[in-house]
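Here's the letter readout for the chains.
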Amino acid sequence: MRLSRRGRAFYDRLPYFYITGGDPILHPDFWKLLGLMKQHSVPFTILGNPFHLTDEVCRRLKEYGCEKYQLSIDGLRETHDWFRKPGSFDITLEKSAASIGRASAPW
């Protein structure tokens, strides 16, 4: 986080991070990284998929300061499921309305 302090001193602002990579939640150091970002008040957004979003995960994301969780819709159901995987269109809609909504997240 030394870079963040230098960047803040130079630009008079904190950096903003976009965490991505397929499903960043699955990385073994994911929650450790979010802990560091929270400790240093670094804002972030996650670009991921819906498959591991549960009520508990959404609650924790909010606690760590996640400002947004971006999910992709690649067209209507047929196009999206062809591009991603069968059934993912419905899962994406369900998770965005259910788990994220119940966490009362600001995204």
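Residues numbered from 1 in each chain as written. Predicted model: local features only at pLDDT ≥ 70, side-chain atom pairs only at ≥ 80, totals over all residues. Heavy atoms only, no water.

*Asks:* Can you walk me through the packing of aromatic side chains in this structure?
*Replies:* The description of two aromatic rings rests on the distance between their centres and on the angle between their planes. Overall, the coordinates contain three aromatic pairs when judged by the stated rule. Look at Tyr-16 and Tyr-18: their rings are 5.1 Å apart centre to centre, the planes differ by 50°, and that puts the pair in the tilted class. Between Trp-31 and Tyr-64, the ring centres sit 5.5 Å apart and the planes meet at 45°, which makes this aromatic pair tilted. Of this pair, Trp-31 sits in helix α2 (residues 30–39) while Tyr-64 sits in helix α3 (residues 55–64), and the two are 33 residues apart along the sequence. An aromatic cluster of at least three residues, connected via ring pairs, comprises Phe-30, Trp-31 and Tyr-64. Over the ring of Tyr-64 we find Lys-38, and its NZ or CZ is 5.9 Å from the ring centre. (Phe/Tyr/Trp six-rings, centres within 6.5 Å; stacked < 30°, edge-to-face > 60°. Helix = DSSP H or I, 4+ residues; strand = E, 2+ residues; numbered from the N terminus. Lys NZ or Arg CZ within 6 Å of the ring centre and 35° of its normal.)

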